[in-house]
Amino acid sequence: MPARNGAGAAAQQAAELVELGAGQFRLQGPLDLSTMPELARQGQRLFKRLRRDSTSQPQHLEIDLGGVERSSSAAIALLLDWVAQAQHAGLGLSFAHWPDALRRIALFSNVDGLLGIETDQHG
């Protein structure tokens, strides 16, 4: 049986939500079933922190999706969850630089309006 390089495979599968500055984030890495649990935890921690520190935090968040390497329909569920969490926290949330594949999944799933895709003219 061939040896598997678990560390290399794990590094390739990493995805993260990176805070760039006040209200600015970048989602990078693959958005598929293997990365959803960790990304969901990262989002929960972020929105919990923003609700707790609402006086010193921005009222609108933007998440840049330009770093997404590949995606599946699970990514749409994650983004919809983040929209709901942002609304619960009283925050606006928008996504920028939609990868074509992710945009197509959202359009096909008929959730483009919920994710604000119609206002994103620059892809």
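Please refer to the structure placed before this passage.
An account of the accompanying structure is given in this report.

Reading the values: rules and limits
- Residues numbered from 1 in each chain as written.
- Predicted model: local features only at pLDDT ≥ 70, side-chain atom pairs only at ≥ 80, totals over all residues.
- Heavy atoms only, no water.
- Core = buried A, V, L, I, M, F, W, Y, C linked by side-chain atoms within 4.5 Å.
- Buried < 20%, exposed > 50% of the residue type's maximum accessible area, 1.4 Å probe, protein only.
- Helix = DSSP H or I, 4+ residues; strand = E, 2+ residues; numbered from the N terminus.
- Expected span 1.5 Å × (residues − 1).
- Contact = heavy atoms within 4.5 Å.

1. Description of the nonpolar core
And step 1. Core analysis: the biggest nonpolar cluster contains 32 residues, and Leu27, Trp82 and Leu115 have the highest contact counts within it.
And step 2. Counting only elements with at least two residues in this core, the list comes to strand S2 (24–31), helix H2 (36–52), strand S3 (60–71), helix H3 (73–88), strand S4 (92–96) and helix H4 (100–108).

2. A closer look at H3
And step 1. The end-to-end C-alpha distance of H3, which contains 16 residues, comes to 23 Å, matching closely the 22 Å that a straight helix rising 1.5 Å per residue would cover.
And step 2. Residues Ala74, Ala75, Ile76, Leu78, Leu79, Trp82, Val83, Gln85 and Ala86 constitute the buried set of H3.
And step 3. Buried residues along H3 sit in contact with strand S1 (16–21), S2, H2, S3, S4 and H4.
And step 4. Directly after H3, the chain includes Gly90, whose backbone phi takes a positive value near 75°.

3. Quick word on unusual backbone geometry
And step 1. Residues other than glycine seldom take positive phi values, yet His97 does so here, at roughly 55°.
And step 2. Take His97: it is sitting in the loop between S4 and H4.
And step 3. Looking at His97, the relative accessible area reads 41%, which means it is partly exposed.
And step 4. In this structure, Asn110 takes a positive phi of about 60° despite not being glycine.
And step 5. With respect to the helices and strands, Asn110 occurs in the segment after H4.
And step 6. For Asn110, a relative accessible area of 64% corresponds to the exposed category.

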